[in-house]
Amino acid sequence: MPSNRAASTSDPDFDEIDLWDDEEQSTDDDVTTGELELEDRHALRRVAGLSTELTDITEVEYRQLRLERVVLVGVWTGGSVTDAENSLTELAALAETAGSQILEGLIQRRGRPDPATFIGRGKVEELGAVVRDTGADTVICDGELSPSQLRNLEQQVKVKVVDRTALILDIFAQHAKSKEGKAQVELAQLEYLVPRLRGWGESLSRQAGGAGGGASGGGVGLRGPGETKLEIDRRRIRTRIARLRREIKAMKTVRETKRARRTRRSVPAVAIAGYTNAGKSSLLNRLTNAGVLVENALFATLDPTTRRAYASDGRVYTLSDTVGFVRHLPHQIVEAFRSTLEEVAEADVVLHVVDGSHPDPEEQLRAVREVLAEVGADRLPELLVVNKVDAADEETLLRLKREWPDAMFVSAHTGRGIDELRAAIEARLPRPAVEIRVTVPYDRGDLVAQVHRRGEVLSTAHTGEGTELHVRVDEALAAELSPWVTG
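What counts and what doesn't
- Residues numbered from 1 in each chain as written.
- Predicted model: local features only at pLDDT ≥ 70, side-chain atom pairs only at ≥ 80, totals over all residues.
- Heavy atoms only, no water.
- Helix = DSSP H or I, 4+ residues; strand = E, 2+ residues; numbered from the N terminus.
- Buried < 20%, exposed > 50% of the residue type's maximum accessible area, 1.4 Å probe, protein only.
- Contact = heavy atoms within 4.5 Å.
- Areas by Shrake-Rupley, 256 points an atom, 1.4 Å probe, with all protein chains shown as cover.
- Pairing = 2+ DSSP bridges.
- Right-handed = clockwise from strand over helix to strand, strands pointing away.
- Axes fitted to C-alpha atoms, helices over the stretch in contact; angles between N-to-C directions.
- Expected span 1.5 Å × (residues − 1).
- Arc of directions from axis to C-beta.
- Phe/Tyr/Trp six-rings, centres within 6.5 Å; stacked < 30°, edge-to-face > 60°.
- Lys NZ or Arg CZ within 6 Å of the ring centre and 35° of its normal.
- Parallel < 35°, antiparallel > 145°, perpendicular 65-115°, else oblique.
- Left-handed = near helix turned anticlockwise from the far one by under 90°.
- Nonpolar A, V, L, I, M, F, W, Y, C, P; charged D, E, K, R; others polar.
- Core = buried A, V, L, I, M, F, W, Y, C linked by side-chain atoms within 4.5 Å.
- pLDDT = per-residue confidence, 0-100.

1. Side note on the overall build of the protein
Then, in step 1: A tally of helices and strands in the protein yields 17 helices and 15 strands.
Then, in step 2: In the protein, which comprises 487 residues, the proportion classed as buried is 49%.
Then, in step 3: Within the protein, contacts between residues at least 6 apart in sequence are counted, and of these 70% link residues at least 24 apart.
Then, in step 4: Accessible area for the protein stands at about 23700 Å²; split by element, carbon and sulfur atoms hold 49% of it.

2. Some points on the sheet that holds strand β11 (residues 382–387)
Then, in step 1: Strands sit in the order β8-β9-β7-β10-β11-β12 across an open sheet of six strands; the sheet is mixed. Edge positions in the open sheet fall to β8 (305–310) and β12 (408–409), since each of these has one partner strand only.
Then, in step 2: Examined bridge by bridge, β11 and β12 share two bridges and lie parallel to one another. Bridged to Val-386 within β12 is Phe-409.

3. Quick notes on the pairing of strand β4 (residues 160–163)
Then, in step 1: Pairing analysis gives four bridges linking strand β3 (residues 138–141) to β4, with the strands arranged parallel. Within β4, the residue paired with Thr-138 across the bridge is Lys-160.
Then, in step 2: Where the polypeptide runs from β3 across helix α6 (residues 147–157) and back to β4, its parallel neighbour, the crossover connection is right-handed.

4. Observations regarding the sheet that holds β3
Then, in step 1: Read from one edge of the open sheet, four strands run β2-β1-β3-β4, paired in parallel fashion. Only two strands of the sheet have a single neighbouring strand rather than two, namely β2 (101–109) and β4. Averaged over all adjacent pairs, the angle separating strand axes in this sheet is 25°, with direction ignored.
Then, in step 2: Two elements, strand β1 (residues 69–76) and β2, share eight bridges in a ladder whose sense is parallel. Note that in β2 the partner of Val-75 across the bridge is Gln-108.
Then, in step 3: Of the strands in this sheet, β1, β2 and β3 are in contact with helix α5 (residues 121–134), which crosses β2 at around 165°.
Then, in step 4: Its contacts with the sheet put helix α7 (residues 164–175) on β3 and β4, and the angle it makes with β4 is roughly 80°.

5. Let's talk about α5
Then, in step 1: Taking 1.5 Å per residue as the helical rise, α5 with its 14 residues ought to reach 20 Å, and the 20 Å between its terminal C-alpha atoms agrees with that figure.
Then, in step 2: What α5 keeps buried is the set Lys-123, Val-124, Leu-127, Gly-128, Val-130 and Val-131. The buried side chains of α5 occupy one side of the element, clustering within an arc of 165° when seen end-on. More than 90 degrees from the buried face of α5, the exposed residues found are Arg-121, Gly-122, Glu-125, Arg-132 and Asp-133.

6. A few points about the packing of aromatic side chains
Then, in step 1: Evaluated as defined, the whole model comprises zero aromatic pairs.
Then, in step 2: The ring of Trp-76 is capped by Arg-109, whose NZ or CZ atom sits 4.3 Å from the centre of that ring.
Then, in step 3: Lys-401 extends its terminal NZ or CZ atom over the ring of Phe-409, reaching a point 5.4 Å from the ring centre.

7. Quick look at the packing of α5 against α6
Then, in step 1: Following both chains from N to C, one finds α5 and α6 inclined at 55°, their axes separated by 9 Å at the closest point. It follows from the interaxial angle that α5 and α6 lie oblique. Crossing of α5 against α6: the hand is right-handed. For the pair α5 and α6, the contacting residues are Val-124, Leu-127, Gly-128 and Val-131 in the first and Leu-153, Gln-156 and Val-157 in the second.
Then, in step 2: Split into classes, the residues belonging to the contact of α5 with α6 amount to five nonpolar, two polar and no charged.

8. Details of the environment of Glu-363
Then, in step 1: Position of Glu-363 among the secondary structure elements: in helix α13 (residues 361–374).
Then, in step 2: The class for Glu-363 is buried, based on a relative accessible area of 17%.
Then, in step 3: Considered as a pair, Glu-363 and Tyr-275 are 88 residues apart in the sequence and their alpha carbons are 9.7 Å apart.

9. Some points on the nonpolar core
Then, in step 1: Counting residues in hydrophobic clusters, the biggest one holds 97 residues, and the most contacted among them are Phe-172, Leu-283, Phe-299, Phe-325, Leu-351, Leu-421 and Ile-425.
Then, in step 2: Apart from the residues within four sequence positions on either side, Phe-299 is in contact with Leu-94, Ile-168, Ile-171, Phe-172, His-175, Thr-276, Gly-324, Phe-325, Val-326 and Leu-329.

10. Concerning the confidence of the model for the protein
Then, in step 1: Averaged over the protein, the pLDDT score is 77; the fraction of residues at 70 or greater is 76%.
Then, in step 2: The spread of mean pLDDT over the elements of the protein runs between helix α1 (residues 16–19), the lowest at 39, and β12, the highest at 96.
Then, in step 3: Low pLDDT (under 50) marks residues 42–66, which in the prediction has 16 contacts with non-local residues, meaning those over four places away or in another chain.

Here is the structure:
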């Protein structure tokens, strides 16, 4: 039975709504790379060189409409110059994904970032000159800056300063689609924002009793210390954070219930993990015709997708796409997406996808394994998959084959190596525990179907008494077959 065939929903033992994501299975005639969602995402595109500023708009509208012109700046504290350049190149890709126009990139060699301005006094003056010469309106730093570093740098270069963490959170906010994804991103953003809240001008005026009115002129009975606007904002944000955590916990319960039902029916789970833009969604589409959005951009898809697939002997297993990783993935993202990332920790096999055409695939591998270790998925059986071999040079592929002799080399785009990958996945699926021989009466075809779906059929024959099977099945199914055991 082909592994990309859409699953049947007529069998009562496999309720599509209970066991799988609510999205319907795609067929060969359906869109299989998320073209409709991709068209919607690109429906309004900015054109470089054309002004997007209006003369009479609010500050909020201005932030949404303006194509930000950015200068990138990084601090090189260790490793080779190639490592530093690769990190800044990745930052540029993140900025472009967020909709920015890159004007310039600067790298400074330091033992450690400057505690006051991240890049040091001399470099701040050089950065300010570059900002003025290029007409940039934003500086993006390749690292997570402290609140004081952000404030000091903004005061000296006179434009908005954004760090790597805020940039990634912005991309997540743009690409989150599901209710759970949006809640997780909002939680991460708020946790990042709390220590960085700043008061400006009248925002520091006292709010009498926390309800309104200033410290002076508030009226009889309303004078007093009250709360600053900043304190009220912090309190409201913490209240919102608590509410989001409760909502995400409830969503986690639903996810665990679905996973428990699959576990109870002994459905093996395979999780696809890897660096962002390594081709995880393309691979899921190639293996199952899932129809997940595919785009050559970082963090194009955030919401996990679970689809069923079939082994060559008819056994059912699930394939789950997960959020992509990146070097220095913000801890706020890891914590907020922990319930989603636990899908990986609960899997039977992890399909670790690496981009073979990337300048530094080894660093991709290290960064992903670091995050997998945080969620307890580093002890699971791992099948390393080097994707995009059609775009990688032969020298790189030869080096990777020497370093990772057990890895699979595939192209989700062309289909190269996909059949071998399916066989490798099947070989790593957990085998059912109980091996028995049974002769099932012909009027119990439903049991034979369950055996093919949930167990491993070693041999089959048709006799006058019924279907003779030599199988490996789980304990629950073995109990149902016990009346017809022959040896």
